[in-house]
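Chain by chain, the residues run as shown.
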Amino acid sequence: MHTNQTARLPHFPISLFGAIMGYGGLTLGFTKAYEVLGVSSLFYQVLTLLTTVFFILITLTYLTKMFKYPEAVRHDLHHPIALHFFPTFSISLLLLSILYKTSMPQMASILWHLGAIIQFALLLYIMNNWIHHEKWQVTHMNPAWFIPVVGNILIPLGAPAFSHIELGWFFFSIGLIFWLILNSIVMYRLFFHPPLVKLLEPTLFILIAPPAVGFISYMTLTGNQGMDDFARILYYIALFLTILLLSQANRFLRVPFALSWWAYTFPLGAMTMASFMMYQSLEFDIFIYLAVFFLSVLSALVLHLTIKTIIAIKSKKLCVAPVLPQSSTPTSPISEK
């Protein structure tokens, strides 16, 4: 048994931190539901605890992998898909800092500063990797490349409380501009090149995250001083992308379960929180209906994915060898089998 567990540890996926992002998004959604609808605080308190416990377990496991199998971590850092999931760790730290901002402000501040530093370091590393390379092809491009950008747009949520607001605008500017650049490249890749491999199709939901999180961050940086046109543009772009992708639900349901399914969760969490904020600003009932709908779908999805992930762990199908692409269409390292 010990030998088998050791053999699987080198293949422990960095993408599992995407589950923490999903739980963090769901927790923030229920936090807003508590503020706006008066839903019991027990929901977000329990979810905060679960998010923290899962984060610690996944972090300790990946740290063990780093110390015992550093070559496996280097392999992840050179993989065209796994590389872009490393910022899910720093994003998880940032989400935890937001969850504990009120109850444990000192710890939240430490988590935010640590998350911001790691996020910026990973951004520099990944962008240098993009610029100075001999391997990237357009067909390697997929929505997971947005993850380093989403992390930057998330940092401003804690900037007014934990640092200086100008630092928040610094990261917001980086995230916004590079979202627009990467969005153009992703659309070109999707429109004019072979489709994504089936297991990566759920990552299309990541397209929702930059404008949705951008809306939340922009409102935070402006002190929630009413709704302006730029905020509306960010929200409605995110809403359109959400509707577009939900209209393809039958297609996504046919995708075999893999860790990439967790890509559905955080963007829906961001849309839930953004919709609650739209309602708070405009008091237009349609937004509360949207928020409740997104929160309901997200809750069912997180429960379903949690069960599926636990089953994959128990059946020893979670940790599989990632495959470096040998062709223009990379093989996903985030499947469970």
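Just so it is clear, the structure is predicted and the values come from calculations on it, not from any experiment.

Asker: I would appreciate a short explanation of the overall build of the protein in the present structure.
Answerer: Along its length, the protein carries 14 helices and zero strands. Shown N-terminal to C-terminal, the secondary structure of the protein runs as helices and strands in the order α-α-α-α-α-α-α-α-α-α-α-α-α-α. In terms of overall size, the protein behaves like a compact globule, its C-alpha atoms giving a radius of gyration of 19 Å where 337 residues would be expected to give roughly 20 Å. Taking the principal axes of its C-alpha atoms as reference, the protein extends roughly 55 × 45 × 40 Å. Looking at the protein as a whole, 55% of its 337 residues are labelled buried. The contacts in the protein between residues at least 6 apart in sequence include a share of 79% that link residues at least 24 apart. Distance between charge centroids for the protein: 16 Å, based on 17 positive and 11 negative side chains.

Asker: Just checking my understanding: could you explain the packing of aromatic side chains for this structure?
Answerer: Each aromatic ring pair is specified by the distance between its two centres and by the angle formed by the two planes. Evaluated as defined, the whole model comprises 30 aromatic pairs. On the numbers, 5.1 Å between centres and 75° between planes, the contact of Phe-170 with Phe-171 is edge-to-face. Here the aromatic cluster, defined as three or more aromatic residues joined through ring pairs, consists of Phe-205, Phe-252, Phe-257, Trp-261 and Tyr-264.

Asker: What is the right way to read the packing of helix 13 (residues 265–282) against helix 14 (residues 285–314) from this model?
Answerer: Two numbers describe a pair of packed helices, the interaxial angle and the distance between the axes. Where helix 13 contacts helix 14, the two axes come as close as 8 Å, and the packing angle between them is 160°. By the angle class used here, helix 13 and helix 14 are roughly antiparallel. With respect to the hand of their crossing, helix 13 and helix 14 are arranged in left-handed fashion. Across the interface between the two elements, Thr-265, Leu-268, Gly-269, Met-271, Thr-272, Ser-275, Phe-276, Met-278, Tyr-279 and Leu-282 from helix 13 touch Asp-285, Phe-287, Ile-288, Leu-290, Ala-291, Phe-294, Leu-295, Val-297, Leu-298, Leu-301, Val-302 and Leu-305 from helix 14. For the contact of helix 13 with helix 14, the residue count by class is 17 nonpolar, four polar and one charged.

Asker: Honestly, a nonpolar patch on the surface in this entry has me stumped. Any pointers?
Answerer: Taken together, the side chains of Ile-56, Leu-60, Leu-63, Met-66 and Phe-67 make up a nonpolar region of the molecular surface, amounting to roughly 510 Å² of accessible area. Inspection of the secondary structure assignment puts Leu-60 in helix 3 (residues 41–68).

Asker: Would you mind going over the side chain of Thr-52 with me for this structure?
Answerer: Of note, Thr-52 is situated in helix 3. A polar atom in the side chain of Thr-52 sits 2.6 Å from the side chain of Tyr-100. In contact with Thr-52, other than residues within four places in its own chain, are Leu-96 and Tyr-100.

Asker: For this particular structure, what's the right way to read the environment of Pro-202?
Answerer: Mapped onto the elements, Pro-202 comes out in the loop between helix 9 (165–192) and helix 10 (209–221). Residue classification places Pro-202 among the buried positions, given a relative accessible area of 0%. For the pair formed by Pro-202 and Phe-252, sequence separation is 50 residues and the distance between their alpha carbons is 6.7 Å. Excluding anything up to four places from it in sequence, Pro-202 contacts Phe-252, Val-255, Ser-260, Trp-261, Ala-263 and Tyr-264.

Asker: Teacher, can you tell me more about the packing of helix 5 (residues 87–99) against helix 6 (residues 105–131) here?
Answerer: At a minimum axis separation of 8 Å, helix 5 and helix 6 run at an interaxial angle of 155°. Of the possible angle classes, the one that applies to helix 5 and helix 6 is roughly antiparallel. You can see that helix 5 and helix 6 cross each other, and the crossing is left-handed. Packed against helix 5, whose contacting residues are Pro-87, Phe-89, Ser-90, Ile-91, Leu-93, Leu-94, Leu-96 and Ser-97, the element helix 6 presents Ala-108, Leu-111, Trp-112, Leu-114, Gly-115, Ala-116, Ile-118, Gln-119, Leu-122 and Ile-126 at the interface. Across the contact of helix 5 with helix 6, the residue classes break down as 14 nonpolar, four polar and no charged.

Asker: Is there a simple way to explain the pattern of salt bridges in this structure?
Answerer: Two side chains with opposite charge may pair up if their charged atoms get near one another. Tallied over the entire structure, the rule returns five salt bridges. The salt bridge involving Asp-229 is made with Arg-232; its shortest N-O contact spans 3.9 Å. Placement of the pair is Asp-229 and Arg-232 together in helix 11 (residues 229–246), with a separation of three residues, close to one helical turn. Via salt bridges that share partners, Lys-198, Glu-201 and Arg-251 belong to a single interconnected network.

Asker: Even after reading the chapter, I still don't get helix 7 (residues 147–154), so can you show me in this structure?
Answerer: Each turn of an α-helix holds 3.6 residues, which means side chains three or four residues apart point in the same direction. Most of helix 7 sits out of view: eight of its eight residues are buried. Contacts made by the buried residues of helix 7 are with helix 5, helix 6, helix 9, helix 10 and helix 13.

Asker: Where do I start with the nonpolar core in this structure?
Answerer: Counting residues in hydrophobic clusters, the biggest one holds 116 residues, and the most contacted among them are Leu-154, Ile-208, Phe-215, Tyr-235, Phe-266 and Met-271. In this structure Phe-215 touches Met-227, Ala-231, Leu-234, Tyr-235, Ala-274, Met-277 and Met-278, once residues within four positions along its chain are discounted.

Asker: Can you help me understand unusual backbone geometry in this one?
Answerer: Excluding glycine, residues mostly carry a negative phi; peptide bonds, for their part, are mostly trans. At Glu-283, a position not held by glycine, the phi torsion is positive, near 55°. Here Glu-283 falls in the exposed class, since its relative accessible area comes to 63%.

Reading the values: the criteria
Residues numbered from 1 in each chain as written. Predicted model: local features only at pLDDT ≥ 70, side-chain atom pairs only at ≥ 80, totals over all residues. Heavy atoms only, no water. Helix = DSSP H or I, 4+ residues; strand = E, 2+ residues; numbered from the N terminus. Rg over C-alpha atoms; globule rule 2.2 N^0.38 Å. Buried < 20%, exposed > 50% of the residue type's maximum accessible area, 1.4 Å probe, protein only. Contact = heavy atoms within 4.5 Å. Lys, Arg positive; Asp, Glu negative; His and termini not counted. Charge placed at Lys NZ, Arg CZ, Asp CG, Glu CD. Phe/Tyr/Trp six-rings, centres within 6.5 Å; stacked < 30°, edge-to-face > 60°. Axes fitted to C-alpha atoms, helices over the stretch in contact; angles between N-to-C directions. Parallel < 35°, antiparallel > 145°, perpendicular 65-115°, else oblique. Left-handed = near helix turned anticlockwise from the far one by under 90°. Nonpolar A, V, L, I, M, F, W, Y, C, P; charged D, E, K, R; others polar. Patch = residues over 30% accessible without salt bridge, like charges linked within 9 Å, V, L, I, M, F, W, Y side chains within 5 Å. Areas by Shrake-Rupley, 256 points an atom, 1.4 Å probe, with all protein chains shown as cover. Salt bridge = Lys/Arg side-chain N within 4 Å of Asp/Glu carboxyl O. Polar contact = N/O pair within 3.5 Å; in protein donor to acceptor, adjacent residues only side chain to side chain. Core = buried A, V, L, I, M, F, W, Y, C linked by side-chain atoms within 4.5 Å.

In short, geometric facts, not functional conclusions.
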